[in-house]
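Below, each chain spelled out in residue letters.
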Amino acid sequence: MKTLRQYLDDTPCEEPLKDLIELIAYQSIPIRDAFIDNQTYAGTENTYGEEQAALDKWADSHLISVLGKSGFVKAIASEEQADIVKFPDAFGDYAVVMDPLDGSSLIQVNLAVGTIIGIFRGGEALQKGEDLAVAMYMLYGPMTVLTITTGNGVNTFALNSEGLFVLLKENIQMPEGKLFGSGGIRNEWLSAHQDFITLCEQKGGKLRYSGSFVADFHQILTYGGVYCYPAAQGKPEGKLRLVFEANPIGFIAKQAGGAISDGKQDLLTVVPEKPDHRTPIYVGSKSIIESAESCMKGC
Ligand code: FBP
């Protein structure tokens, strides 16, 4: 079976970028090994006032340490860091954006969580999602699965018993499915969002929502449908972050024939104002995202 390196050697990626991709992907091994000793909450909050899980902090500091030592990376924007972490002496010219551990509330209940990564050329972390060189996530489920695009389609790799990522699925295309999942509290939803969810149900949609964006998106990538975390009463920006979550996942969605929107526009075209730029998110099958946008205009 084709290994991750053999796949990367067939892409136009430059050698340092291939090395960086592999370096990050294989951190899934120590991150997964750290689950057992990092089951609790750390007693600290991130910049969003969210309680940090011990594994959030462990994965964040581990990835920053490994990437900082690698010399490939000029800057890291992390969901767990208030400011961009800079490495001015790095020989490489890449910027990494990351959610080190997405789905933190599920760590203690052993459900699938993941690490979301975006890589830009040029050393600047606050770029539009459409300018990503690489988008990938490692999903820690029954298998450890890497989903990756370097701008030429989406492929998945599974970590085998020898600790190697081997090709699982090639050139994934997102079907026009019927799964839907929405974060937030129903009685705080705005009426346009409620109308959209009703529309999904009227079309025979099935609810799929676990509390882990990366795991829920992986279902949408495979079966089609939509994941939303909408604006709500008093929360016009929703919950999730443009830089660390929406952009890498949205880039993958688009590469697989899907789409991502804030309900009004393609999120990949939005210039991040700051590292902690929050945004409403609708990501999934193209036709469903189009109907979400028409509902936001008053369907
Ligand atoms: P983090 O775990 O990285 O903070 O990600 C946010 C997240 O956990 C998503 O993975 C998930 O889809 C959403 O929040 C769940 O939010 P809620 O608990 O409000 O449904």
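Scroll up to find the structure this text is about.
Residues numbered from 1 in each chain as written. Predicted model: local features only at pLDDT ≥ 70, side-chain atom pairs only at ≥ 80, totals over all residues. Heavy atoms only, no water.

K.L.:
What is the right way to read the overall build of the protein chain from this model?
P.N.:
When you go through the protein chain residue by residue, the secondary structure sums to eight helices and 15 strands. Relative to the compact-globule value of 19 Å for 299 residues, the protein chain shows a C-alpha radius of gyration of 18 Å, a close match. In the protein chain, which comprises 299 residues, the proportion classed as buried is 59%. Partitioning the intrachain contacts of the protein chain with sequence separation of at least 6 by distance along the chain shows that 62% fall at a separation of at least 24. Total accessible area computed for the protein chain in this model is approximately 12,300 Å², and 51% of it derives from carbon and sulfur atoms. Distance between charge centroids for the protein chain: 5 Å, based on 25 positive and 38 negative side chains. (Helix = DSSP H or I, 4+ residues; strand = E, 2+ residues; numbered from the N terminus. Rg over C-alpha atoms; globule rule 2.2 N^0.38 Å. Buried < 20%, exposed > 50% of the residue type's maximum accessible area, 1.4 Å probe, protein only. Contact = heavy atoms within 4.5 Å. Areas by Shrake-Rupley, 256 points an atom, 1.4 Å probe, with all protein chains shown as cover. Lys, Arg positive; Asp, Glu negative; His and termini not counted. Charge placed at Lys NZ, Arg CZ, Asp CG, Glu CD.)

K.L.:
Please explain the side chain of His 193 as it appears in this structure.
P.N.:
By the secondary structure assignment, His 193 is in helix 5 (residues 191-202). Polar contacts involving the side chain of His 193 include one to the side chain of Tyr 282, which spans 2.8 Å. Sequence-distant contacts of His 193, that is, excluding residues within four places in its chain, are made with Ser 182, Cys 228, Pro 230, Tyr 282 and Met 296. (Polar contact = N/O pair within 3.5 Å; in protein donor to acceptor, adjacent residues only side chain to side chain.)

K.L.:
How should the environment of Ile 220 be read in this particular structure?
P.N.:
Mapped onto the elements, Ile 220 comes out in helix 6 (residues 213-223). Sequence-wise, Ile 220 and Gly 258 are 38 residues apart; in three dimensions their C-alpha atoms are separated by 9.5 Å. In this structure Ile 220 touches Met 174, Leu 179, Gly 225, Val 226, Tyr 227, Val 283 and Gly 284, once residues within four positions along its chain are discounted.

K.L.:
What should I look at first to understand the site of the ligand in this one?
P.N.:
Around the ligand there are 17 residues in total, and Asp 99, Gly 103, Tyr 209, Tyr 227 and Tyr 229 lie nearest to it. The separation between an oxygen atom of the ligand and a polar main-chain atom of Gly 103 is 2.8 Å. A distance of 3.0 Å is found between an oxygen atom of the ligand and a backbone nitrogen or oxygen belonging to Ser 104. Protein chains bury 83% of the 470 Å² of accessible surface belonging to the ligand in isolation. A majority-of-atoms criterion places the ligand in the largest pocket. (Near = heavy atom within 4 Å. 1 Å grid on protein atoms, 1.4 Å probe; cavity = no way out; pocket = protein on both sides within 12 Å on 5 of 7 lines; lining within 4 Å. Sits in = over half its atoms within 2 Å of the grid points.)

K.L.:
How should I be thinking about the pairing of strand 3 (residues 73-78) in this particular structure?
P.N.:
Consecutive side chains of a regular strand alternate in pointing toward one face of the sheet and then the other. Strand 3 sits mainly inside the fold: five of its six residues count as buried. Judged from the five bridges that link them, strand 3 and strand 5 (residues 94-102) form a sheet pairing that is parallel. From the neighbouring strand, Ile 76 faces strand 5, where its bridge partner is Val 96. Here two bridges tie strand 3 to strand 4 (residues 85-86), and the two strands are oriented antiparallel to one another. Paired with Ile 76 across the two strands is Val 85, which belongs to strand 4. Where strand 3 hands over to strand 4, the hairpin turn is made up of six residues, counted between the paired strands. (Pairing = 2+ DSSP bridges.)

K.L.:
Looking at this model, I keep getting lost on the packing of aromatic side chains. Mind explaining?
P.N.:
Where two aromatic rings form a pair, the distance of their centres and the angle of their planes describe that pair. This structure, assessed with the given rule, holds eight aromatic pairs. On the basis of an interplanar angle of 80 degrees and a centroid distance of 6.1 Å, the ring pair of Tyr 137 and Phe 217 is categorised as edge-to-face. Within this pair, whereas Tyr 137 is found in strand 7 (residues 134-140), its partner Phe 217 is found in helix 6, the two being separated by 80 residues in sequence. On the basis of relative accessibility, which here comes to 0%, the residue Tyr 137 falls in the buried class. Between Phe 196 and Tyr 282, the ring centres sit 5.7 Å apart and the planes meet at 75 degrees, which makes this aromatic pair edge-to-face. Of this pair, Phe 196 sits in helix 5 while Tyr 282 sits in strand 15 (residues 281-284), and the two are 86 residues apart along the sequence. By relative accessible area, Tyr 282 is classed as buried at 2%. Following the ring pairs from residue to residue traces out a cluster consisting of Tyr 209, Phe 213 and Tyr 227. (Phe/Tyr/Trp six-rings, centres within 6.5 Å; stacked < 30°, edge-to-face > 60°.)

K.L.:
Explain the environment of Ile 172 here, please?
P.N.:
With respect to the helices and strands, the residue Ile 172 is situated in the loop between strand 10 (165-169) and strand 11 (179-182). Sequence separation between Ile 172 and His 193 is 21 residues, and the spatial gap between their C-alpha atoms is 29 Å. Not counting the four nearest positions on each side in its chain, Ile 172 is found in contact with Val 154, Asn 155, Thr 156, Leu 221 and Ala 256.

K.L.:
How should the sheet that holds strand 6 (residues 113-121) be read in this particular structure?
P.N.:
Within a sheet, each strand pairs with its neighbour through backbone hydrogen bonds, oriented either parallel or antiparallel. Taken in spatial order, the eight strands of this open sheet run 4-3-5-6-7-8-9-10, and their pairing is mixed. Of all the strands in the sheet, just strand 4 and strand 10 have a single pairing partner and so form its edges.

K.L.:
Which parts of the structure should I look at to understand the layout of surface pockets?
P.N.:
With a probe scaled to a water molecule rolled over the atoms, the places where space remains empty come into view. A volume near 430 Å³ is recorded for the largest pocket. Lining the largest pocket are 26 residues, with Gly 103, Ser 104, Ser 105, Gly 211 and Lys 239 positioned closest to its centre. Secondary-structure elements contributing two or more residues to the lining of the largest pocket are strand 5, helix 6 and strand 13 (225-229). At three residues, the largest contribution of residues to the lining of the largest pocket is made by strand 5. For the lining of the largest pocket, the per-class residue count stands at seven nonpolar, eight polar and eleven charged. Looking at the lining of the largest pocket, you find at least three residues from each of domain 1 (4-169) and domain 2 (179-296). (Points joined across faces, edges and corners; volume = space filled by probe spheres on them. Nonpolar A, V, L, I, M, F, W, Y, C, P; charged D, E, K, R; others polar. Domains from an automatic or database assignment.)

By themselves these figures say nothing about function.
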